[in-house]
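Given next are the chains, with one letter for each unit.
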Amino acid sequence: SSVTGVQTCALPIYLINLGITDEFFGLTLDVHTTVSIINELYPEQQHSLNRFRLDGKITVHVLTGEEQFSLMGPEYPRGLSLEDRSVIFIAKKLGDALVLSSDKLLRRHAGKLSIEYHGMIWILDQLVAEELVAIPDAIAKIKAWMNSNVIYRDNPEIKLEVEKRLKDWSA
C-alpha cells in the first residue's frame, strides 16, 4: 500500500532521534505541521528539519490569533496540549489528512474525529515497503524506539506489533 500524495500532520520526534529523517522525507508524503510543534523541538532538531522546509518537503503552518484562540475550545480534551491541538486543527483544515504521532491522547482524539492516524511502527512499515530503510536497519530502529520509552516497552499491544515486525522482517 503506497502512501503517495497523502497529507500528514505533525512529525514524530522519534524520526529525528532515530536518525531516519532523510528516509522519512523520501516517502511520497505531503508533510504539514505547525510552528508550535516546531517550537517544541530542541534547536538542533529544528535545524535538522530546516533543509526539508527549504526544499518544500514540509509545510509549517502559522495559526492566526483567532485560530489559536479556537484551540481553547471545549471540543478538545483538557489533557491535549496546545501543540497537539494545533495538529488536529490543521488536519481538519486540510481535510484529507492523516496524523502521524505516537501520542496516545492525540491519536484517540483524531480517531474520534474520524481522522486517520498512525505512529512510528506504521512509518517504519512504509520505509521498509518502499525500501528506504534496509531490513537490518529497520530492526535496529524499531528496537531502539521500543527501548527509548517505558510507555512503549510496557504496552502489550505495542510489544505484540513490534514482535510481529521483528518476526516478519527476520523471515
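Residues numbered from 1 in each chain as written. Predicted model: local features only at pLDDT ≥ 70, side-chain atom pairs only at ≥ 80, totals over all residues. Heavy atoms only, no water.

**Q** How should I be thinking about the pairing of strand β2 (residues 29–34) in this particular structure?
**A** Across a regular strand the side chains alternate sides, sitting on one face of the sheet and then on the other. Counting buried positions along β2 yields 5 of 6 residues, so the element is predominantly enclosed. Looking at chain direction, β2 and strand β3 (residues 58–61) are connected through 4 bridges and run parallel. Its bridge partner being in β3, T34 is matched across the sheet by H61. (Buried < 20%, exposed > 50% of the residue type's maximum accessible area, 1.4 Å probe, protein only. Helix = DSSP H or I, 4+ residues; strand = E, 2+ residues; numbered from the N terminus. Pairing = 2+ DSSP bridges.)

**Q** Looking at this structure, how should I read a nonpolar patch on the surface?
**A** A contiguous nonpolar surface patch, about 370 Å² in accessible area, is contributed by F69, M72 and L82. The residue L82 is located in helix α6 (residues 82–94) in this model. A residue is classified by how much of its surface remains accessible, and L82, at 42% relative accessible area, is partly exposed. (Patch = residues over 30% accessible without salt bridge, like charges linked within 9 Å, V, L, I, M, F, W, Y side chains within 5 Å. Areas by Shrake-Rupley, 256 points an atom, 1.4 Å probe, with all protein chains shown as cover. Salt bridge = Lys/Arg side-chain N within 4 Å of Asp/Glu carboxyl O.)

**Q** Teacher, can you tell me more about the pattern of salt bridges here?
**A** In the structure shown here, the tally under the stated rule is 4 salt bridges. With its nearest N and O atoms 2.3 Å apart, the salt bridge here joins D22 to R51. A residue pair is termed long-range when its members are at least 10 positions apart, and D22 in helix α2 (residues 21–24) and R51 in helix α4 (residues 43–54) qualify at 29 residues. D22 gets classed as partly exposed once you look at its relative accessible area, which sits at 43%. A residue is classified by how much of its surface remains accessible, and R51, at 43% relative accessible area, is partly exposed. Here E67 ties to K93 by a salt bridge, and the two come within 2.9 Å at their closest N and O atoms.

**Q** Mind showing me how you'd approach the environment of H61 here?
**A** Along the chain, the position of H61 falls in strand β3. By relative accessible area, which is 18% here, H61 ends up buried. Note: C-alpha distance between H61 and I38 (23 residues apart in sequence) is 9.9 Å. Ignoring sequence-local partners within four residues, the contact set of H61 consists of H32, T33, T34, V35, I90 and L94. (Contact = heavy atoms within 4.5 Å.)

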